[in-house]
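# Chains, contacts and geometry: an overview
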Amino acid sequence: ANPNPGYYFAGWSAWDGTVEFENSSMDVTNMTIYAATADFVTIRATFAPIPEEAVLTMDANPEVGGTTTPASGSQTTVKTQTGIPIKAEQADTWYFIQWIVQGPAKVANQFLAETTVTLLGSSTVTAEFSQTKPEQATLVMAVSPELGEGSTCGETDPAVGPHTVNLGCDILVCATASDGYQFS
């Protein structure tokens, strides 16, 4: 689901049937259709205008695993479309794993304990901790063909270049083709 300028993706919903979404607040998700009314199911992508301000709710999972800045349990009104600094500090014998987002927000790097989050609407950001140290690798994003300085056939998210990632964690990757190109 790709919102027009000034809007954000607010969620998926289903009518005329029984549908389960893996994550109805994610613009890219899996769904399972269990039943249809009159042989069809309507799936609706809902978009909402980007407000000037939104509420950032912080959380830690589990709470004994560490703390966050802003503090876990806090609700802070922030300006949307602006990078807000967030930080996770692990407790003794615990390791920071990643940031999990619920709502229309994007964390700059989900695997860095100190990063930024940009909200398009009210969202909850959770620092996930584990007592098992995560194995890490470098994910290198690239596009093909490479057109040279200042030109591109498309963009990736995460952006083109190296990124430290935790093995065993889900990583959402997206590709957007430039005008005149298509994803293949």
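This text follows the structure it describes.
Structural notes, computed from the coordinates. (Residues numbered from 1 in each chain as written. Predicted model: local features only at pLDDT ≥ 70, side-chain atom pairs only at ≥ 80, totals over all residues. Heavy atoms only, no water.)

This paragraph deals with the sheet that holds strand β7 (residues 75-79). Taken together, the four strands give an open sheet; going across it, the order is β7-β5-β12-β9, and neighbouring strands pair in mixed fashion. Pairing within the sheet leaves two strands with one partner each, and these edge strands are β7 and β9 (95-102). Taken pair by pair, the neighbouring strands of this sheet meet at an average axis angle of 30°, ignoring direction. As defined by bridge partners, strand β5 (residues 53-61) adjoins β7 across five bridges and the pair is classed as antiparallel. Of the residues in β7, the one forming a bridge with E53 is K79. (Pairing = 2+ DSSP bridges. Helix = DSSP H or I, 4+ residues; strand = E, 2+ residues; numbered from the N terminus. Axes fitted to C-alpha atoms, helices over the stretch in contact; angles between N-to-C directions.)

Right, let's talk about the layout of surface pockets for a bit. Estimates place the volume of the largest pocket at around 1,600 Å³. Taken together, 46 residues make up the lining of the largest pocket; nearest its centre are M26, D27, A105, K106 and L172. Secondary structure elements with two or more residues in the lining of the largest pocket: β1 (7-15), β9, β10 (105-107), β14 (154-157), β15 (161-166) and β16 (174-177). Within the lining of the largest pocket, the residues separate by chemical class into 26 nonpolar, 14 polar and six charged. Volume-wise, the second largest pocket comes out at about 240 Å³. For the second largest pocket, the lining is made up of 15 residues, of which S144, C153, Q182, F183 and S184 are closest to its centre. Those elements giving two or more residues to the lining of the second largest pocket turn out to be β14 and β16. Taken together, the residues that form the lining of the second largest pocket break down as eight nonpolar, six polar and one charged. (1 Å grid on protein atoms, 1.4 Å probe; cavity = no way out; pocket = protein on both sides within 12 Å on 5 of 7 lines; lining within 4 Å. Points joined across faces, edges and corners; volume = space filled by probe spheres on them. Nonpolar A, V, L, I, M, F, W, Y, C, P; charged D, E, K, R; others polar.)

A few words now on the nonpolar core. Nonpolar side chains in soluble globular proteins tend to be buried together. The biggest cluster of nonpolar side chains holds 18 residues, and the ones touching the most others in it are L56, I86, W99, V107, V117, V125 and F129. If one sorts the elements of this core by residue count, β5 sits on top with four residues. (Core = buried A, V, L, I, M, F, W, Y, C linked by side-chain atoms within 4.5 Å. Buried < 20%, exposed > 50% of the residue type's maximum accessible area, 1.4 Å probe, protein only.)

Through backbone hydrogen bonds, the strands of a sheet pair up, either in parallel or in antiparallel fashion. The strand order β6-β8-β11-β10 describes an open sheet built from four strands, whose pairing is antiparallel. With partners counted over all chains shown, the strands left at the sheet margins are β6 (66-69) and β10, one partner each. The average angle at which neighbouring strand axes cross in this sheet is 25°, direction not considered. Relative to strand β11 (residues 114-119), β10 runs antiparallel, the two being bridged by three bridges.

Moving on: the pairing of β11. Of the two faces of β11, the one holding T115, V117 and L119 is buried and the one holding E114, T116 and T118 is not buried anywhere. For strand β8 (residues 83-90) and β11, the ladder comprises five bridges, and the chain directions are antiparallel. Within the sheet, the bridge partner assigned to K87 lies in β11 and is E114. Here β10 folds back onto β11 in antiparallel fashion, the turn holding six residues.

As a further point, take the side chain of N166. Inspection of the secondary structure puts N166 in strand β15. Since its relative accessible area comes to 2%, N166 is described here as buried. Looking at N166, its side chain comes within polar contact range of the main-chain oxygen of I97, at 2.3 Å. Sequence-distant contacts of N166, defined by excluding residues within four places in its chain, comprise I97, F111, P134, E135 and Q136. (Polar contact = N/O pair within 3.5 Å; in protein donor to acceptor, adjacent residues only side chain to side chain. Contact = heavy atoms within 4.5 Å.)

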